[in-house]
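So the chains spell out like this:
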Amino acid sequence: MRKLVNYGYLLLAVVMIISCNRKKSEVQIIPEPAFTSISGGEYRISSVAPIYLGSDDVDLNMAALYLQERLSIAAGLKLDTKVNNAKGKGIHLSIDQLTFSENPDAYELIVTGNSARITGNSARATFYGVQTLLQLLPPEIFGPKESLEARQLVLPCVVIRDEPRYSWRGMHLDVGRHIYPVEFVKKYIDLIAMHKMNVFHWHLTEDQGWRIEIKKYPLLTEIGSIRKTAEGGTYGGFYTQEEIKEVVEYARTRFVDVMPEIELPGHSVAALAGYPDISCTGGPFEVRTAWGVAADVYCAGKEETFDFLENVLAEVVELFPFKYFHIGGDECPKTRWEECPDCQKRIADEGLADEHELQSWFIQRIEKFLQSKNRRLVGWDEILEGGLAPEATVMSWRGVAGGIQAARELHDVIMSPTSHCYFDFYQGEPMYEPKAIGGFLPMEKVYSFEPTPEGLSPEEAKHILGAQGNLWTEYIPTTDQAEYMALPRMSALAEVVWTPVELRDYELFLYRMKAHYHRLDEMDVNYRIPVPISSGNSFVFLREFTLELHKAVDGAKILFSTDGTDPSETGQEYVEPLIITEDTRVKAVIRMPSGHTSSTIDIKLDQQEIVAGLELERQAGVSYSYYPGSFKSVYDFKDLKPESYGTIAVPGIPEDLPKGTYGLVERAYIQIERAGIYRFFTLSDDGSVLIVRGQEVVNNDGMHGGKEISGEIALGQGWHPIELRYFQAGGGSLLELEYSGPNLEKQNIDEENLASFTSAMKMMKLN
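About the thresholds
- Residues numbered from 1 in each chain as written.
- Predicted model: local features only at pLDDT ≥ 70, side-chain atom pairs only at ≥ 80, totals over all residues.
- Heavy atoms only, no water.
- Phe/Tyr/Trp six-rings, centres within 6.5 Å; stacked < 30°, edge-to-face > 60°.
- Helix = DSSP H or I, 4+ residues; strand = E, 2+ residues; numbered from the N terminus.
- Buried < 20%, exposed > 50% of the residue type's maximum accessible area, 1.4 Å probe, protein only.
- Pairing = 2+ DSSP bridges.
- Axes fitted to C-alpha atoms, helices over the stretch in contact; angles between N-to-C directions.
- Contact = heavy atoms within 4.5 Å.
- pLDDT = per-residue confidence, 0-100.
- Expected span 1.5 Å × (residues − 1).
- Patch = residues over 30% accessible without salt bridge, like charges linked within 9 Å, V, L, I, M, F, W, Y side chains within 5 Å.
- Areas by Shrake-Rupley, 256 points an atom, 1.4 Å probe, with all protein chains shown as cover.
- Salt bridge = Lys/Arg side-chain N within 4 Å of Asp/Glu carboxyl O.
- Lys, Arg positive; Asp, Glu negative; His and termini not counted.
- Charge placed at Lys NZ, Arg CZ, Asp CG, Glu CD.
- Parallel < 35°, antiparallel > 145°, perpendicular 65-115°, else oblique.
- Left-handed = near helix turned anticlockwise from the far one by under 90°.
- Nonpolar A, V, L, I, M, F, W, Y, C, P; charged D, E, K, R; others polar.

Novice: Got a sec to walk through the packing of aromatic side chains? Specific residues and values, please.
Specialist: The way to describe two aromatic rings as a pair is by their centre distance and the angle between their planes. Enumeration over the complete set of coordinates arrives at 37 aromatic pairs. A ring pair is formed by W202 and F320, whose centres lie 6.4 Å apart and whose planes are at 80°; its orientation type is edge-to-face. Taken together, the residues W202 in strand 10 (residues 199–203) and F320 in the loop between helix 8 (303–319) and strand 16 (324–328) connect sequence positions 118 residues apart. Like F320, W202 is buried. Centroid distance F306 to F362: 4.8 Å. Interplanar angle 50°. Geometry classified as tilted. Placement of the pair is F306 in helix 8 and F362 in helix 11 (residues 355–372), with a sequence separation of 56 residues.

Have a look at this one:
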């Protein structure tokens, strides 16, 4: 009998039970407050008790209006506001210096049987207290319609003293690759505010689209905002300056600062399409349709370039009052500068060593202009190359090394490494997830992030402002998918940047997320729910297979079917492991009480017999055939004649293979020393397919970034033929083959366990 058990989830279930017993009587707030004390009793919000304001501060009134709006929309309760320091029944909002903290974002919430009092060191801090108060109420308080009755507006008596760990708690949204409506951008800001985050980083320009109206340069949007599509149509759009103002003002009412990003010197093809004279070559250019990095960038040698950029930035600055301004500065190839006489003259005139110093000079010149507008420059960590601009803030994305270097040079740093903060990466097994750019970043890893690296002195550590989650949108065409990729990882990061590190506990975070998922349901957020199986979608068994499914969200149900129908509506409820004794297809889904579901998984269970392998005298090597050309599937070149042949030691991309797009077929025999069921894994960018004994075992086909897929087959002792098909469609290239089996952990296939097809042919001739 074969049994699939996910021991990690069994342990999680045990911990969850323990956590629930500990936490059932406690409030469930995301992010976890620094201090919470619960006493008996409750306070019931009612229309006869108003909201009292401790002063006529405009921003404090804005926090009160937000609370009024939530109570009115969700419960039809309309509370008056009064400016006085009354101590009577009601909700009291005030600004005062707290004794426990000087942090400007610190607040205190005290709920008694008579009142709820929020005091903050600032109006923003008081607003965070309002967010906590709302999370003490039923989840429907975050809903779009009146669904609560006044009797449900009950707050437990608590004392909460709270403050954020970091001053920069950001979320990024790229609209250059895919643009989203203004209403969605506002919803995204609501989610940022709900999580007590305070910066919305709006990535507005890219090679693939210019998304902000610039009145002095209309071609930026007339030409630069539109790109061609593979289907022969066009895609694009932009935000008018009035729409930008609308979003910025909306964010202000949620105490969220909006930081624009205008990319320079690279990622600028959309701008060059409209204004080619500020390039090195003069064009012509089209708005880029492919993802990745383009060679064409702003010309650093022409004064017209800086006239253009300063005029653009001057208009943008007027739209965004936040003191920080992001200029990109990343992934700027130097190819055009190396060949451009104007750029080479600039290097000579300024006494620069090379093109890297030219980029630094470029950034420093832009920084001086921004300083004249009372703005501080922020750039990706490439701005360190060639020398850092004097007052620049570094956003460290290529790991944390750039952030460490900048902090040691006493520059401010925002940590945003791909390892923990890139929410365009896969959250689970790619076969169960929507297409993503690659990588793997589950929520647990986000939660494990420590923004302040070890080894910094106390003075250096002060320059770590905080952290930010990034949502790049090459493979995120819809708002639903944007929400799916952002949530609940945003919730995990919110706790990383807010909650004291000693209070962070992932299992207790998962327990508190149970209530938080209901809040997200009320906000109609398409958050991700983990699928009911952690790895694989095809399994092989000999006589009997036990399929165990799991749910990582307490209160949800698992529904399944074995007849091919959609389980989300008509499926049976899973209550115990399924015993499989014949070829079966199981579809399964997790459904929340709200009706929100996970992706549907389709599990293939095949009963197989073990087939003995060949005996042969081994000759080393894996033979490959090379097919130049542009392909979208590993089978596109099935009937073509290869251009060349070769031999390599183990499966992978041959080192001497010509660059560009191509197809590749690799063949060998693998030695199996112990009969049993073996799982093979292909990790590839782009598509790959593994065929063992003529059977397609792993299908990782299609155009995609780095993605791993696996499959199983029953193999007997001896040598078995394998064929690995692969194609490269441009961009990153990656091909790895691993396997696991009886008493064999996942590992690379050793060249000693591989034999060339020549070995087999010799043996067949002998026989």
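And the narrative resumes.
Novice: For the sheet that holds strand 2 (residues 35–44), give the residues involved together with the corresponding values.
Specialist: Within the open sheet, the seven strands sit side by side as 2-8-6-7-5-3-4. Their pairing is mixed. The open sheet terminates on both sides in strands that have one partner only, identified here as strand 2 and strand 4 (81–83). Between one strand axis and the next, the sheet turns by 20° as a mean value, whatever way the strands run. Sheet topology places strand 3 (residues 51–53) next to strand 5 (residues 90–95); three bridges connect them, and they run parallel. The residue bridging L53 from the neighbouring strand is L93, located in strand 5. Across the sheet, helix 3 (residues 123–135) lies against strand 5, strand 6 (107–111), strand 7 (115–120) and strand 8 (154–162), angled at about 145° from strand 7, the strand it touches most.

Novice: Go over unusual backbone geometry with me, naming the residues and quoting the values.
Specialist: Following I30, the chain continues into P31 via a peptide bond in cis, with omega recorded as -5°. That bond from G283 to P284 is cis: its omega, 5°, falls within 30 degrees of zero. Along the chain, the position of P284 falls in the loop between helix 7 (269–274) and helix 8. Although it is not a glycine, E331 adopts a positive phi angle of roughly 45°. Along the chain, E331 turns up in the loop between strand 16 and helix 9 (335–339). For E331, a relative accessible area of 30% corresponds to the partly exposed category.

Novice: Which residues make up the environment of P577, and what values go with them?
Specialist: Position of P577 among the secondary structure elements: in the loop between strand 24 (572–573) and strand 25 (578–580). Residues P577 and L549, spaced 28 residues apart in sequence, show a C-alpha to C-alpha distance of 7.0 Å. Discounting chain neighbours no more than four positions away, the residues touching P577 are T546, L547 and E548.

Novice: I'd like a rundown of the confidence of the model for the chain, residues and numbers included.
Specialist: Summary statistics for the chain give a mean pLDDT of 92 and a share of 95% for residues scoring 70 or more. For the stretch residues 4–25, pLDDT sits under 50, and the model shows 31 contacts to residues farther than four places along the chain or on other chains. Counting contacts from residues 762–767, a segment whose pLDDT is below 50, to residues more than four positions away or on other chains yields five contacts.

Novice: Any chance you could break down helix 6 (residues 241–253) for me, citing the residues and the numbers?
Specialist: With 13 residues, helix 6 should cover 18 Å at 1.5 Å per step; its first-to-last C-alpha distance of 19 Å lies within 8% of that length. Q241, I244, V247, V248, Y250, A251 and T253 are the residues of helix 6 that are buried. Close packing links the buried residues of helix 6 with helix 2 (58–75), helix 3, helix 4 (182–194), strand 10, strand 15 (257–264) and helix 8. Of the residues one or two after helix 6, F255 is the one with positive phi, at around 60°.

Novice: Can you tell me about a negative patch on the surface, naming the residues and giving the values?
Specialist: Residues D277, E304, D307 and D342 make up a contiguous surface patch of negative charge. Relative accessible area serves as the criterion here: at 33%, D342 is assigned to the partly exposed category.

Novice: Outline the packing of helix 8 against helix 11, supporting the account with residue identities and numerical values.
Specialist: As a packed pair, helix 8 and helix 11 sit with axes 11 Å apart at the nearest point and diverge in direction by 40°. Regarding the angle of helix 8 to helix 11, the classification is oblique. In this structure, helix 8 crosses over helix 11, and the sense of that crossing is right-handed. Across the interface between the two elements, E303, T305, F306, L309, E310, L313, A314 and V317 from helix 8 touch W361, F362, R365, I366, F369 and L370 from helix 11. Residues that form the contact of helix 8 with helix 11 fall into these classes: 10 nonpolar, one polar and three charged.

Novice: So what's going on with the sheet that holds strand 17 (residues 376–380)? Which residues, and what values?
Specialist: Pairing within the closed barrel is parallel, and its eight strands lie in the order 9-10-15-16-17-18-19-20. Pairwise comparison of adjacent strand axes, ignoring direction, gives a mean angle of 30° for this sheet. As judged from the three bridges shared by strand 18 (residues 393–396) and strand 19 (residues 413–415), these two strands associate in the parallel manner. Counted as the bridge partner of V394 is V413 from strand 19. Here helix 4 sits on the sheet in contact with strand 9 (168–174) and strand 10, set at roughly 150° to strand 10.

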